[in-house]
Every structure is written in C-alpha cells, then in structure tokens.
Amino acid sequence: MSSYYIWTIGCQMNKADSADLAARLDDLGFIPAETVDEADVVVVNSCVVRQSAENRVLAKLDSLARPKRLRPEMTIALMGCMVGPEADELMRRFPHVDAFVSPGRASELVEIASRRPVDRIVVHEAPSRPPCAYVTVIEGCDNFCSYCIVPYRRGRERSREMKEVLLQLEELVAGGVREVTLLGQNVNSYGHDLPGGPDLADLLGEVNAVSGLERIRFLTSHPKDMSDRLIQAVGSLSKVCEVVSLPVQAGDDDVLRAMGRGYTSRFYRELVERMRDEIPGVALSTDVVVGFPGETDEQYRRTLDLLSGVRFDSLHIAAYSPRPGTAAAETLEDSVPLSVKKARLREAEELQRGIAAEINGRLLGHSVEVLVEGEKQGKWHGRTRTGKLVFFRQDADCLGQLVDVRITKTSPWSLQGDVSRHRHEG
Ligand code: SAM
Ligand code: SF4
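### Regarding the sheet that holds strand S1 (residues 3–8)
So, point 1. Within the open sheet, the 5 strands sit side by side as S2-S1-S3-S4-S5. Their pairing is parallel. Both outer strands of the open sheet, strand S2 (31–32) and strand S5 (99–101), are each paired with one neighbouring strand and no more.
So, point 2. Here strand S4 (residues 75–80) runs beside S5; their pairing, made up of 3 bridges, is parallel. From the neighbouring strand, Ala77 faces S5, where its bridge partner is Ala99.
So, point 3. The sheet strands contacting helix H1 (residues 12–27) are S1, S2, strand S3 (41–46) and S4, and the helix crosses S1 at an angle near 175°.

Quick look at the structure:
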C-alpha cells in the first residue's frame, strides 16, 4: 500500500489545497504516513510570501536529499507558490525533487502520485472527518499590491461555478462537515468573471440554504470590494458568522497608496462603522505590514492610531520582506532597518494584546455557542461564531456538536469555560 506525507506552510488556501490533495490520495487508496521516512510520496506545499517562510521551505527541501538518496524510488514533489512559471532554477537547485507543481494544479500531482504501483484498492469506511472544512471559491488575485508576490504565483482571479461549489459542499456535509470557510485571496471579488456575474452575497445566500450546514465563514476580504450588498448579506443570513477578515495593511494614506491598496484610512474606518451597524456583534480581524519602504515613525504611528481606533478582535502583523519581482522590491529601497521593523512589530503586538484582552474579557460569565473541533490533553476545543478559540472539559465525546459554554476565564488569545448546554447532536 502506498503512503504519502504532506508538509504545508502558509495561508489557509495552502492548507485547503493540502487537505484536498490528501482526500484525493485517500480516495486512490493511499494511506497517510507519520514521517517522511515512511512515505512513498512526499509533498512540500510551499509559501514564499515572506523570506522567513521561503527559508523554511528551502531547508525542508534540502532535508529531503538524504532520504531520496537512501530510497530513490520515493517520489518528492514541490507544490505551492514557490513554483513560478519558470521552474528551471528550482530543478537545478533540487535535483532530488521529481515534480514541480504550480498552485492550483494539484490534480496533476494526484496523477503523478497515482502512477506509482498501488498494491490494493482499499475501500474504507468514511473516516471521522473534522466538522470544519475549507473550500476555495476563487483562485488567484488581480490586485497586485506593490509588496505582494501572490498574483505572480497564483495567477489571475478565477471563480469556481456556484453549482460546483454547492455540490462539493453537499458532499462535505454528507461526510459530517458542519462549518465551511469559503476561501479566496480576495474572496469578496468572487463571481465577477462568471457568466451572469453572481457575487459573494449570491453565493452566501445559496450556501446558507444547504441543509445540515450550521456555519459559514469567508476569507480574505479586500476593503475596496466590501459592497453594501455583501455587508447586508452577512448581517441577515442566519448561518453566516458575524466575523470578517479585512486586511488594512497600514494606517497612513501615503503608505497605503505606495502599497497600491486602493483605499484611504478614512474609507476603511467608515467601512468598519457601516459593518458594525449592519452586522451586530461583528468580530474583525486584520493584517498589517510594518516597515514598508520609506515608512517613517509618524506614518507607522498612524497604523497604531488605526488599531486603537478600530479595536480589532485579532491582528496579524508582518515585517515587510522584499519579494523579488514585485513593484516594491524592484523600485523602492528596503530602507527601514530590521531592528526598527522588529521594534514596530513588537509595539503593535503589545497594543493589540491589550485590546484583545479587553474585548475577550467582556465575555466573562457569558454563554457562547461553540462548535467542537477536537480534543487535546483532556480538553475539548472549538470556536465561537466570531472565531474565538474556547477550551472546556467534559467526559463524553462531543466532536462536531454545538454546545453552549459559559466563559470562566479569558486571555487575549483564547477563552475557557464550562458546558452549560448541548444544543443538538452532530
Ligand atoms: N489577500 C489578502 C490581502 O489583501 O491582504 C492577504 C494575502 S497575503 C498572502 C497575506 C498577508 O501577508 C498580507 O495580508 C500581508 O500582510 C502579508 N504580506 C504579503 N506580502 C508581504 C511582504 N512582502 N512582506 C511582509 N508581509 C507580506
Ligand atoms: Fe497580495 Fe494584495 Fe492580492 Fe492580497 S490583495 S493577495 S495582499 S496582491
């Protein structure tokens, strides 16, 4: 029986691609291996959004040279954003890698893996799958923010037909999935390239009608594409969770312009106000880049002002990392010293820690609905509709169930509590 091992780094879309590949290999009769040494097919699903991620991928690829020498019959494949249109350099640098598969071409990888002899076709019972699934609804990105390599690696925006998405969802729900996250680098531009031009609001309406599904999320949303129609859909559709991931990237208008984001700080703040009016209790998360070329201390302080003004539930901060081929890397000097980038990053993280502690602290003593995703070291965990991680103890198996948990302890990153009620069986 052939086995596979998938190593993944990067965004939710990479994780979704890996999960998809694993499911397809499972269907072919492959079994997952615990380690590289036990695997016949090893897949590295790569990310090059920042230099630090790229370095980890390179180290992983280097570490596979020895196992390949010892077992030349194993197949090693590299997929994801490291594989650009030109793979010659990668082929020279990693002679032990057999296949280079660009993002979105995972089906070809399934094809390559399936050429291996598989001893037996195994018909197995449906494995107990996690209750949450990620489904990519739009690939690629048309935005070309000046710092970002994604459009060069993932190509232009391509939406999946609504029918196809709904079919996949029905299959997932039949397999036990109760929560879905619809994915796209720019998910709220969904549909503009499809006949009839449906939008994300239309898709959410259809997905909301899938019976057996309890919760719907979507990410990542670009502020310039956050239409009133979409905001209203999120506010009114019962299964669509009141949580939006809305990367702002910077608080200063000149930096935003140099980043090519297509909005101002004021536009963003007003958008947040509209969303808070239309979507009661909405939780917001954002991404910020500090140390963009030429970012002055004053400009950086405007990002801090925006963070303290908006008060996000969660924040992901990155230090600017020049990506070869992007407009910023080619035309602007990476002028902010690393030590300054790191200090800005720490300061913004510290500010956010206080904000998140206060927001989460308000939940103390309240009951929240949690969809149970798993168990670790005697504690169950799951998320609220707003995406907050909750831990609680309980003897009986409650995987995939919706439970009400009364919060007894909070921190900036997670909550703890006691089960007060089981809603219904998963
Ligand atoms: N499409 C989303 C958006 O509009 O923000 C996010 C996609 S991007 C792959 C994920 C995050 O990585 C971005 O939000 C940004 O904060 C960060 N990022 C992208 N390029 C970067 C770079 N060159 N240096 C540092 N961070 C970067
Ligand atoms: Fe990158 Fe900008 Fe596209 Fe997000 S919207 S993937 S940051 S180019």
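### Some points on the packing of helix H11 (residues 265–278) against helix H12 (residues 297–310)
So, point 1. At a closest axis distance of 11 Å, the pairing of H11 and H12 adopts a crossing angle of 10°. As far as their axial angle goes, H12 and H11 are roughly parallel. Across the interface between the two elements, Ser265, Tyr268, Arg269, Val272 and Arg276 of H11 pack against Asp305, Leu306, Gly309 and Val310 of H12.
So, point 2. Looking at the contact of H11 with H12 residue by residue, the class counts come to 4 nonpolar, 2 polar and 3 charged.

### What to know about the site of ligand 2
So, point 1. Near ligand 2 you find Cys141, Asn143, Phe144, Cys145, Tyr147, Cys148, Val150, Pro151, Gln185, His222 and Arg261, and these make up its full shell.
So, point 2. Of the residues that constitute the shell around ligand 2, the class distribution is 7 nonpolar, 3 polar and 1 charged.

### Side note on the nonpolar core
The tendency in soluble globular proteins is for nonpolar side chains to be buried as a group.
So, point 1. One finds Val137, Leu182, Leu203, Leu204, Val207, Phe218 and Met275 to be the most contacted residues of the largest nonpolar core, which totals 65 residues.
So, point 2. In this structure Val137 touches Arg158, Ser159, Arg160, Val165, Leu182, Leu183, Val187, Tyr190 and Leu203, once residues within four positions along its chain are discounted.
So, point 3. Grouped together as the second largest cluster of nonpolar side chains are 27 residues, Ile9, Ala53, Val83 and Phe94 included.

### Observations regarding the pairing of strand S13 (residues 314–319)
So, point 1. Relative to S13, strand S12 (residues 283–290) runs parallel, the two sharing 6 bridges. The residue bridging Thr286 from the neighbouring strand is Leu315, located in S13.

### As for the packing of aromatic side chains
So, point 1. In the structure shown here, the tally under the stated rule is 6 aromatic pairs.
So, point 2. Taking 5.3 Å as the distance between ring centres and 85° as the angle between the ring planes, the aromatic pair formed by Phe144 and Tyr152 counts as edge-to-face.
So, point 3. Relative accessible area serves as the criterion here: at 34%, Phe144 is assigned to the partly exposed category.
So, point 4. Each member of the aromatic cluster is reached from another via a ring pair, and the members are Tyr263, Phe267, Tyr268 and Phe312.

### A closer look at the site of ligand 1
So, point 1. Taken together, 16 residues sit near ligand 1, with Tyr147, Gln185, Gln249, Asp287 and Ser321 positioned nearest.
So, point 2. Gln249 has a polar side-chain atom sitting 2.7 Å from an oxygen atom of ligand 1.
So, point 3. A distance of 2.5 Å is found between an oxygen atom of ligand 1 and a side-chain nitrogen or oxygen belonging to Asp287.
So, point 4. For ligand 1, whose accessible area on its own is 550 Å², the fraction buried by protein is 91%.
So, point 5. At the level of secondary structure, the elements contributing two or more residues to the shell around ligand 1 comprise S12 and S13.
So, point 6. Partitioning the shell around ligand 1 into residue classes produces 8 nonpolar, 4 polar and 4 charged.

### Some thoughts on the sheet that holds strand S10 (residues 215–219)
So, point 1. On the basis of which strands lie adjacent, the open sheet formed by 3 strands has the order S6-S9-S10 and parallel pairing. Looking at the sheet topology across the chains shown, the edges are occupied by strand S6 (132–136) and S10. Along the sheet, successive strands turn relative to each other by an average axial angle of 20°, direction set aside.
So, point 2. Summarising the sheet, strand S9 (residues 179–183) and S10 pair through 5 bridges and their orientation is parallel. The residue bridging Thr181 from the neighbouring strand is Arg217, located in S10.
So, point 3. The strands touched by H1 within the sheet are S6, S9 and S10, with S6 carrying the most contacts at an inclination of about 100°.

### Considering the confidence of the model for the protein chain
So, point 1. Confidence in the prediction for the protein chain averages 92 pLDDT; 96% of positions are at 70 or higher.
So, point 2. Within the model, the stretch residues 117–127 combines pLDDT values under 50 with 11 contacts to residues more than four positions away or in other chains.

### Overview of the environment of Tyr300
So, point 1. Along the chain, Tyr300 falls in helix H12.
So, point 2. Taking the C-alpha atoms as reference, Tyr300 lies 9.6 Å from Ala348; in sequence the two are 48 residues apart.
So, point 3. In contact with Tyr300, not counting residues within four places along its chain, are Val290, Glu295, Arg344, Glu347 and Ala348.

### Concerning the domain arrangement of the protein chain
So, point 1. Per the domain assignment, the segments making up the protein chain are domain 1 (3–114), domain 2 (132–361) and domain 3 (367–424).
So, point 2. Each of domain 2 and domain 3 was reduced to a C-alpha centroid, and the two centroids are 26 Å apart.
So, point 3. The three residues of domain 2 that bury the most area against domain 3 are Arg178, Arg215 and Asn360, which together make up 41% of that side's buried surface.
So, point 4. The interface formed by domain 2 and domain 3 includes 3 salt bridges.
So, point 5. Glu242 is the salt-bridge partner of Arg385, the closest N and O atoms lying 3.0 Å from each other.
So, point 6. Counting across the domain 2 and domain 3 interface gives 12 residue pairs in polar contact (both at pLDDT 80 or more).
So, point 7. Elements supplying a minimum of two residues to the side of domain 2 that touches domain 3: S10 and helix H14 (338–361).

### Quick look at H12
So, point 1. With 14 residues, H12 extends 20 Å from end C-alpha to end C-alpha; this agrees with the ideal 20 Å at 1.5 Å per step.
So, point 2. Of the residues making up H12, those classed as buried are Gln299, Tyr300, Thr303, Leu304, Leu306, Leu307 and Val310. Here the buried residues of H12 occupy an arc of 155° about the axis, which is enough to place them on one side.
So, point 3. Close packing links the buried residues of H12 with helix H10 (253–259), H11, S12, S13 and H14.
So, point 4. Of the residues one or two after H12, Arg311 is the one with positive phi, at around 60°.

Analysis parameters
- Every chain is numbered independently, its residues counted from 1 as its sequence is written.
- The lettering of chains begins at A and the numbering of ligands begins at 1, in the order of writing.
- Where local features are concerned, this predicted model is filtered to residues with pLDDT of at least 70; where side-chain atom pairs are given and counted, the filter is 80 or more; whole-chain, interface and lining totals use all residues.
- Only hydrogens and water are removed before side-chain values are computed, so all heavy atoms of the structure are retained for them.
- Strands were regarded as paired on the criterion that DSSP finds at least two bridges between them.
- Numbering of helices and strands starts at the N terminus; helices are DSSP runs of H or I of at least 4 residues and strands are runs of E of at least 2.
- It only takes one pair of heavy atoms within 4.5 Å for two residues to be counted as in contact.
- Only the stretch in contact is used when fitting a helix axis, every axis being a line fitted to C-alpha atoms; angles between N-to-C directions are given from 0 to 180 degrees.
- Any angle between 65 and 115 degrees counts as roughly perpendicular, while under 35 counts as roughly parallel, over 145 as roughly antiparallel, and the rest as oblique.
- Any residue that is not Ala, Val, Leu, Ile, Met, Phe, Trp, Tyr, Cys, Pro, Asp, Glu, Lys or Arg is counted as polar, Gly included; the first ten are nonpolar and the last four charged.
- Near is defined per residue: the residue qualifies when any heavy atom it owns lies within 4 Å of the molecule or strand.
- We define the nonpolar core as a collection of buried residues of types Ala, Val, Leu, Ile, Met, Phe, Trp, Tyr and Cys that are connected through side-chain atoms lying within 4.5 Å of one another.
- Accessible area is worked out with a 1.4 Å probe on protein chains only. A residue is then buried under 20% of its type maximum, exposed over 50%, and partly exposed in between.
- To pair, rings of Phe, Tyr and Trp, with the six-membered ring standing in for Trp, must have centres within 6.5 Å; the planes then decide the type, stacked if under 30 degrees apart, edge-to-face if over 60, and tilted in the middle.
- Here a polar contact is taken to be a pair of N or O atoms separated by no more than 3.5 Å, where protein atoms must pair a possible hydrogen donor with a possible acceptor and residues adjacent in sequence count only if both atoms sit in side chains.
- Methods summary: accessible areas were calculated by the Shrake-Rupley approach with a probe of 1.4 Å, and residue burial reflects only the protein chains presented.
- pLDDT is defined as a per-residue confidence score from the predictor, taking values between 0 and 100.
- What fixes the domain bounds is an automatic or database domain assignment.
- Buried area: the sum, over both parts, of the accessible surface (1.4 Å probe) that disappears when the two are put together.
- Within this document, salt bridges are pairs made up of a side-chain nitrogen of Lys or Arg and a carboxyl oxygen of Asp or Glu, the two lying within 4 Å of each other.
- Take the number of residues in a helix, subtract one, and multiply by 1.5 Å to get its expected span.
- Here the arc refers to the directions that run from the helix axis out to each C-beta atom.

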